[in-house]
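# Residue-level structural notes
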Amino acid sequence: DRLRIVPPSVHCGDGDGAPVGDTSFKLGCPAFGRRRVCRHAVTETDISVKILTSDAAGAWINHVEVGSRQSILNFTAPIQHLLADSDLIVIELDDVRISGKNVTEMTPPQRHEAYRLSGEIEFQDTLAGPEAPITRVLGH
């Protein structure tokens, strides 16, 4: 699969499905080694992505040990052959359970831990309020 980052004023259907891409970011950074080069995006830049779900991999997270600086994820099957060094693991907030509770049933400290584990971070400067928080998702 391929991903193209477009400016807010551009729609995915523009340009017969090939919209003009955003050029305000760089790829390949940081550039380590001889063959990697940090470069500016151009309007035709597409980013290669490979999405692998737990269903397709046949492996699910069945236990997590949360530490102050890292979390250890235990899976139902080996995943070493499925991941590369630069891959990210994204955990859906709605799939996190703490002591059998989903996110709407958790105490505030549990909810904080669930957000940390999922990588979903609420913006603190939003005017939407707690009923409709604006969030950004990060990977592990």
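None of these values were measured; they are calculated from a predicted model.

### Observations regarding the nonpolar core
- Ranked by size, the top nonpolar core spans 8 residues in total: Ile91, Leu93, Val96, Val103, Met106, Ala114, Tyr115 and Leu117.
- Leaving out residues up to four positions away in the same chain, Val103 has contacts with Leu93, Asp94, Val96 and Arg111.

### So, helix α3 (residues 108-118)
- Of the positions making up α3, those classed as buried are Gln110, Ala114, Tyr115, Leu117 and Ser118. Within α3, the buried residues cover an arc of 165° as seen down the axis, which keeps them to one side. Along α3, exposed side chains directed more than 90 degrees from the buried face belong to Pro108 and Pro109.
- A positive phi of about 80° marks Gly119, the residue just after α3.

### Remarks on a nonpolar patch on the surface
- On the surface, Leu3, Ile5, Val49 and Ile51 cluster together into a nonpolar patch covering about 340 Å² of accessible area.
- Assignment of secondary structure puts Ile5 in the loop between β1 (2-3) and α1 (14-17).
- Its relative accessible area of 34% is what places Ile5 among the partly exposed residues.

### Some words on the layout of surface pockets
- A volume near 1,600 Å³ is recorded for the largest pocket.
- Lining the largest pocket we find 39 residues, and of these Leu52, Leu88, Ile89, Val90 and Ile91 sit closest to its centre.
- Contributions of two or more residues to the lining of the largest pocket are made by β4 (47-48), α2 (54-57), β5 (61-66) and α3.
- Classifying every residue of the lining of the largest pocket gives 25 nonpolar, 7 polar and 7 charged.

The rules we used
Throughout this description, residue numbers start from 1 for each chain and increase along the sequence as written. Where local features are concerned, this predicted model is filtered to residues with pLDDT of at least 70; where side-chain atom pairs are given and counted, the filter is 80 or more; whole-chain, interface and lining totals use all residues. Note that water and hydrogens are dropped before the side-chain values are worked out from all heavy atoms of the structure. Here, nonpolar core refers to any group of buried Ala, Val, Leu, Ile, Met, Phe, Trp, Tyr and Cys residues whose side-chain atoms link them within 4.5 Å. Note on exposure labels: buried denotes an accessible area under 20% of the residue type's maximum, exposed denotes more than 50%, and partly exposed covers the range between, all computed with a 1.4 Å probe on protein chains only. Whether two residues are in contact is decided by their heavy atoms: any pair within 4.5 Å suffices. We count a stretch as a helix when DSSP gives it H or I for four or more residues in a row; a strand needs E for two or more, and each element gets its number in order from the N terminus. Throughout, the arc means that of the directions going from the helix axis to the C-beta atoms. In this analysis, a patch consists of residues with relative accessible area above 30% that form no salt bridge, clustered at 9 Å for like charges and at 5 Å for the nonpolar side chains Val, Leu, Ile, Met, Phe, Trp and Tyr. For accessible areas, the Shrake-Rupley method is used with a probe of radius 1.4 Å. Any residue's cover is judged against the shown protein chains and nothing else. Counted as salt bridges are all cases of a side-chain nitrogen of Lys or Arg within 4 Å of a carboxyl oxygen of Asp or Glu. Here the term cavity refers to a set of points on a 1 Å grid, laid over the protein atoms alone, in which a 1.4 Å probe fits but cannot get out; the term pocket refers to an open set having protein on both sides within 12 Å along at least five of seven lines, with lining residues being those that place an atom within 4 Å of a point. Grid points are joined across faces, edges and corners, and a volume is the space filled by probe spheres set on the points. Throughout this entry, Asp, Glu, Lys and Arg are counted as charged residues, while Ala, Val, Leu, Ile, Met, Phe, Trp, Tyr, Cys and Pro are counted as nonpolar. The remaining residues, Gly among them, count as polar.

Nothing here speaks to function; it is geometry throughout.
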